[in-house]
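Given next are the chains, with one letter for each unit.
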Amino acid sequence: LRAWTGEAVLKRDAKPAYYVYEQRAKVQGRTVSRRSFFARCRLHRPEEGILRPHEATLSGPREERLRLIRATRTNISPVFGTFVDGGGRASRLLADVAQREPDFEAFDALGDRHRLWVVTAPADVETLTAAVAGSNVTIADGHHRTHTALDYRDERAKAAGKRWNGNEAENFVLMGLIPEDDPGLVILPIHRLLKQDGPPERFFERLSALYRVEALQGGSTQAVEAAWERVRLNAMGPTTFAVLGAEGPHSIHLLTARSQQAIDSAMPQSISAASKGLDALVLTQTVLTPLFGIDRAAMAAGRVEFTESHTEAAEAVEQGHARLAFLINATRVSQIREVADAFEVMPQKTTYFYPKLATGMVYNPLD
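Conventions adopted
Residues numbered from 1 in each chain as written. Predicted model: local features only at pLDDT ≥ 70, side-chain atom pairs only at ≥ 80, totals over all residues. Heavy atoms only, no water. Salt bridge = Lys/Arg side-chain N within 4 Å of Asp/Glu carboxyl O. Helix = DSSP H or I, 4+ residues; strand = E, 2+ residues; numbered from the N terminus. Phe/Tyr/Trp six-rings, centres within 6.5 Å; stacked < 30°, edge-to-face > 60°. Buried < 20%, exposed > 50% of the residue type's maximum accessible area, 1.4 Å probe, protein only. Pairing = 2+ DSSP bridges. Axes fitted to C-alpha atoms, helices over the stretch in contact; angles between N-to-C directions. Contact = heavy atoms within 4.5 Å. Left-handed = near helix turned anticlockwise from the far one by under 90°. Nonpolar A, V, L, I, M, F, W, Y, C, P; charged D, E, K, R; others polar.

Draft legend 1. Fine view of the pattern of salt bridges. Counted under the stated rule, the structure contains 21 salt bridges. For the salt bridge of Arg 100 with Asp 124, the shortest nitrogen-to-oxygen distance reads 3.4 Å. Taken together, the residues span a long stretch of sequence, with Arg 100 in the loop between helix H3 (89-97) and strand E6 (104-107) and Asp 124 in helix H4 (residues 122-133) at a distance of 24 residues. Each of the salt bridges in this network shares a partner with another, and the network as a whole consists of Glu 22, Arg 35, Arg 113 and Arg 115.

Right, here's the structure in full:
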């Protein structure tokens, strides 16, 4: 960073700005465009309900990121946050800005296009500021970076003592902000792979109280696609999973909830209705934990692997790299907000936003 700054590869803008950012990417066979903007966002503890997490974090990654921010005193990778764009003011402005010639444009190794505009006009700045001010912000991606920024802020405040006024650079974090109804805001499913665990005795019989079990034709790419389409058709319910490999590497079974009320009753009663509706958590609580002994701790320890590709999941089972695979629907943006509204967090590997915000478009030095 020092070398790039010294060589003017990195330049600090002379006046405050927001940075409108457009990504155009191939996502599962289709091209999507997504517009957000980079800003400094004031840090808040989760219990304040202003900057809200939706996913749990691990201590290891937080410590690694804390060492990085101590060494660089720079927000290098942005947090990704969603907000409710009341009246669509921000979306309209982002669309208008994207009609101009970009200040920066590049393609990455995947062929995805990245474009950036520097926004300094007072009216535009006020529009974006007011749009976000009218909403709380839900962290979509970057929970460890957010926790690290909070930890670093508190560390610096303690060292400063009475000299700390609350407006120092460490009280803010670099964030890419996006209206939560942006059509390019894509969440991919995260399918579960069991590497060592085969189906237990009387597997489907034990599932039959909660799920209707249907054996599907397997043995081909088309069969896997058809099974995945059946799962996707029930994205809004009833809860549906596809199980690959329960009766041989080419077998496919569909699990469809007999009733959502029965599923809700099987879930922990201490959690909200929003959390009870998360397919990833339903799978853990009604299948993986009671039948395989796999709870959140076992998942965090690596007993389960993950992929966003149903094709990769099927290939892993067919080639013997996994014993079983469970295909599940993606979490919806509305579910993320509802869980955050309930002051709860989802298990890790519940959401996969794609594409990721690129690192290096904008940095935020803390000096």
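Draft legend 2. Region of the structure containing the packing of aromatic side chains. The tally for this structure, following the rule as stated, stands at nine aromatic pairs. Ring centres 6.0 Å apart and planes at 80° place the aromatic pair Phe 80 and Phe 353 in the edge-to-face group. With Phe 80 in strand E5 (residues 79-83) and Phe 353 in strand E17 (residues 352-354), this pair connects stretches of sequence that are 273 residues apart. In this pair, the class of Phe 80 matches that of Phe 353, namely buried. Measuring from ring centre to ring centre gives 6.4 Å for Tyr 352 and Tyr 354, while their planes differ by 15°; the resulting arrangement is stacked. Each member of the aromatic cluster is reached from another via a ring pair, and the members are Phe 203, Phe 204, Phe 292 and Phe 326.

Draft legend 3. Main features of the sheet that holds strand E16 (residues 324-327). Spatially, six strands are ordered E12-E14-E13-E16-E11-E15 in an open sheet, and the strand pairing comes out antiparallel. Since the sheet does not close on itself, it has two edges, and those belong to strand E12 (211-216) and strand E15 (304-307), each with one partner. When strand polarity is set aside, the average angle formed by the axes of neighbouring strands in this sheet is 25°. Note that strand E13 (residues 240-244) and E16 share three bridges and pair antiparallel. Pairing of Val 243 across the sheet is with Phe 326, part of E16. Sitting on the sheet, helix H12 (residues 310-318) touches strand E11 (191-194), E13, E15 and E16, and the angle it makes with E16 is about 160°.

Draft legend 4. Representation of the packing of H3 against H4. Axis separation between H3 and H4 bottoms out at 9 Å; the angle between their running directions is 145°. Every pair of crossing elements has a handedness; the one defined by H3 and H4 is left-handed. The segment H3 lies against H4, with Arg 89, Ala 90, Leu 93 and Leu 94 engaging Asp 124, Thr 127, Leu 128, Ala 130 and Ala 131. Taken together, the residues of the contact of H3 with H4 break down into six nonpolar, one polar and two charged.

Fair warning: the whole summary comes from geometry, so function is off the table for now.
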